[in-house]
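Read off the chains here:
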Amino acid sequence: MSAPPLEVRGLVKRYGDLTAVAGVDLTVEPGDVFGCLGPNGAGKTTLLRMTLGLIRPSAGHVRLFGRDPQLGVAALEGVSGFVEAPRFYPYLSGRANLELLAALDGDGAAGRIDEVLEIVDLRDRARDRVGGYSHGMGQRLGIAAALLRRPRLLLLDEPATGLDPAGMRDMRELIRRLAGQGMTVVLSSHLLAEVEEVCNRVAIIRRGHVVYEGSLAELRRTAGVAYRLRTTDDERAARICAAQPGIAGVAPGAGGGLTFRAESERAVGELSLALAEAGALVLELAPQLATLEDLFFQLTEERPVAVAA
Amino acid sequence: MTPGVAVVYRWELRKLRSQKRTYLGLGAAAIVPLLFVLALVLRGGESGPRDVAFGRYLHDTGLAVPLVLLLFGSIWMFPLITALVAGDIVASEDHNGTLKTILTRSVDRERIFAGKMLAAMSYAILAIAITGGVALGAGILASGLHPITSLSGTRVSSGRGLVLVGASLLVYLLPILAVASIGLLLSTVTRNSAAAVVGTLMVSLLLQLVGILPGLGALRPYLLSTQFDAWMGCLRTPVDWAPIVRAAWVCPLYAVPSLAAAALVFLRRDVAGG
């Protein structure tokens, strides 16, 4: 069986007293578009830096197709990407920057410069100095530089950050297209919409820990189904809900009434019965799907899941 | 096949060719001798620094001009020109974030470092060559190509004088390359271009100060600053090899540990900035 594109086990990075990454385990399978999601400072970028061999782990290890990036750049064969914003030599043109990187890559990368410029739609500006590029153009040049290596695993750190809405749309479209060609993509982001649109699996990172890893669908399922409840006596209903087995996350609803999560439909039925017996007659009881944002905040801020309006 | 040091070196040179900083240093290396000769011509007669070696021959032969400039340049000009690139070549990449860009390609850190080191050394060599060449050319235009009197008081033909000037420039490279090594170390360790450039110059000046402190005379032969005078051994009759040989082993005492420490830091460092 071939090794997965990315495998992380027990990865820790400490800077003095600060633990930026605290024992992360992850596995990215071939063909995944894997999102590392977390608020700023969660440890996503540190994780990617260790993945690319730019910084040394304090403990644990990373394997790229079974190879250790700490042992040298040979482990990066078939792997490319960028950490934080892609950086280039501002006094050289976009093409010259790519020529430099292609020279450092060898393996015929120089022959792919026109092709990758075409993919990221930068051919017309390739002879301009990078110092004059917009942020979006820099991001696209970063993708072009990554594609020069014909990666099987593409690592992108916040690829849509700083882009205007059209640029963000184009970037997502590009990532989807690359994934459609069989490339495994790992992207870190704090933009929920970006992850929701392009990723099939996510790891949610909070203070250096992975608090969730799996599919988005599974994430929604594990969060439980949220409900909106309105009764003739919401105050009494809230007390009954709080005491009812299988019911959690009871909170006032945005437009009145209550919201809660139920672990099963049976728990909802039993709640309905309990409310009727207590004299709090049900006026409205409707399931609500939690958004990814709700789940994200729940996991990263330890806040109860709120339902969509 | 993985690209080698030659590929990195070639690209480091291309990067240097594209930066204004490079031309600032090389421009100074060319302009200073031109201004020096222009001042000599304009002031005419007996003008010039007559109290330094070869100063009194500046109006007699163009061969004296590069030699006088070697004396003056060792105080701060050549260390500064050298530090402009050696102190910047790693630190600027770290600061701009391009270090992470190149370290995630197919060339390992050892080769990246070696390419940068060779580029910094090449620049220093070019700067000395430019100063020497321009000084010699301008000097010959102003004073002609005539025999020169050696430090031993013997007349040296203009042809042999040219060879000795060339040899002097080569010997002068020994301490210059040691300065470049110190610059590279500071560039790698400080990750700050300005600090590395100024730091290199300060180290050079500090060593000169140590050389004039009373009671430290025994140290003087082993100071890097003293090696800047080793070339004078070429201008004695017969050639005095002692200072040249000493420079040949003292300068590596400064250069090799600096380069080794720089390489160690570069290979093991976390690239977390940018």
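Summary of the structure given here. Predicted model, so just to flag it, every value in this text is computed and none were measured. In this convention, every chain numbers its residues from 1, walking through the sequence in written order. A letter from A marks each chain and a number from 1 marks each ligand, given out in the order of writing. Where local features are concerned, this predicted model is filtered to residues with pLDDT of at least 70; where side-chain atom pairs are given and counted, the filter is 80 or more; whole-chain, interface and lining totals use all residues.

## Remarks on the overall build of chain B
Stage number 1. To qualify as a helix, a DSSP run of H or I must reach at least 4 residues; to qualify as a strand, a run of E must reach at least 2; elements of each kind are numbered from the N terminus. Check the secondary structure of chain B and you find 11 helices and 2 strands.
Stage number 2. Its helices and strands taken in sequence order, chain B reads α-α-α-α-α-α-α-β-β-α-α-α-α from the N to the C terminus.
Stage number 3. Note on method: radius of gyration uses C-alpha positions; expected globular size equals 2.2 Å times residues raised to 0.38. Relative to the 2.2 N^0.38 estimate, which gives 19 Å for 274 residues, the radius of gyration of chain B is 20 Å and therefore close to what a compact globule would have.
Stage number 4. Oriented by its inertia axes, the alpha-carbon framework of chain B measures out at about 60 × 40 × 35 Å.

## Structural notes on the sheet that holds strand S1 (residues 6-15) of chain A
Residue and element names in this part refer to chain A.
Stage number 1. Pairing between strands requires that DSSP locate at least two bridges from one strand to the other. Spatially, 3 strands are ordered S2-S1-S4 in an open sheet, and the strand pairing comes out antiparallel. The outermost strands of the open sheet, each flanked by one partner alone, are strand S2 (18-28) and strand S4 (59-64). Here the strands of the sheet are splayed against their neighbours by 20° on average, with no regard to which way each runs.
Stage number 2. Looking at chain direction, S1 and S4 are connected through 5 bridges and run antiparallel. Paired with Arg9 across the two strands is His61, which belongs to S4.
Stage number 3. Packed on one face of the sheet, helix H1 (residues 44-51) meets S1, S2 and S4 and runs near 115° to S1. Between N-to-C directions, angles span 0 to 180 degrees; the directions come from axes that are lines fitted to C-alpha atoms, helices contributing only their stretch in contact. We call two residues in contact when the distance between their C-beta atoms, placed using the backbone, is within 7 Å.

## Quick word on the pairing of strand S8 (residues 201-206) of chain A
Residue and element names in this part refer to chain A.
Stage number 1. Between the buried cut of 20 or more and the exposed cut of 12 or fewer other C-beta atoms within 10 Å of a residue's own C-beta lies the partly exposed class, and all C-beta atoms are placed from the backbone. Taken across its 6 residues, S8 has 5 buried, putting it largely inside the fold.
Stage number 2. Bridging between strand S3 (residues 33-37) and S8 involves 4 bridges; their strand directions are parallel. Considered in S8, the bridge of Cys36 is made with Ala203.
Stage number 3. As paired elements, S8 and strand S9 (residues 209-215) share 6 bridges and run antiparallel to each other. When the bridges of S9 are listed, Ile204 appears paired with Tyr212.

## Brief notes about the interface of chain B and chain A
The extent of an interface is frequently quoted as the accessible surface area lost upon association of the parts.
Stage number 1. If you look at the interface, chain B gives 24 residues, while chain A gives 22 residues.
Stage number 2. Elements with a minimum of two residues in the side of chain B that touches chain A: helix H1 (5-17) and helix H6 (98-103) of chain B.
Stage number 3. Ranked by residue count, the leading element in the side of chain B that touches chain A is H6 of chain B, at 5 residues.
Stage number 4. Polar here means any residue outside two lists: the nonpolar Ala, Val, Leu, Ile, Met, Phe, Trp, Tyr, Cys and Pro, and the charged Asp, Glu, Lys and Arg; Gly therefore counts as polar. Looking at the side of chain B that touches chain A, its residues break down into 9 nonpolar, 10 polar and 5 charged.

## Remarks on the sheet that holds strand S13 (residues 282-288) of chain A
Residue and element names in this part refer to chain A.
Stage number 1. Pairing is antiparallel across the open sheet formed by 4 strands, whose spatial order is S11-S12-S10-S13. In this open sheet, the two edge strands, each paired with only one partner strand, are strand S11 (247-252) and S13. Strand-to-strand twist in this sheet, taken as the mean axis angle between neighbours without regard to direction, amounts to 25°.
Stage number 2. Across the sheet, helix H8 (residues 234-243) touches strand S10 (225-231), S11 and strand S12 (258-262), and the angle it forms with S12 is around 20°.

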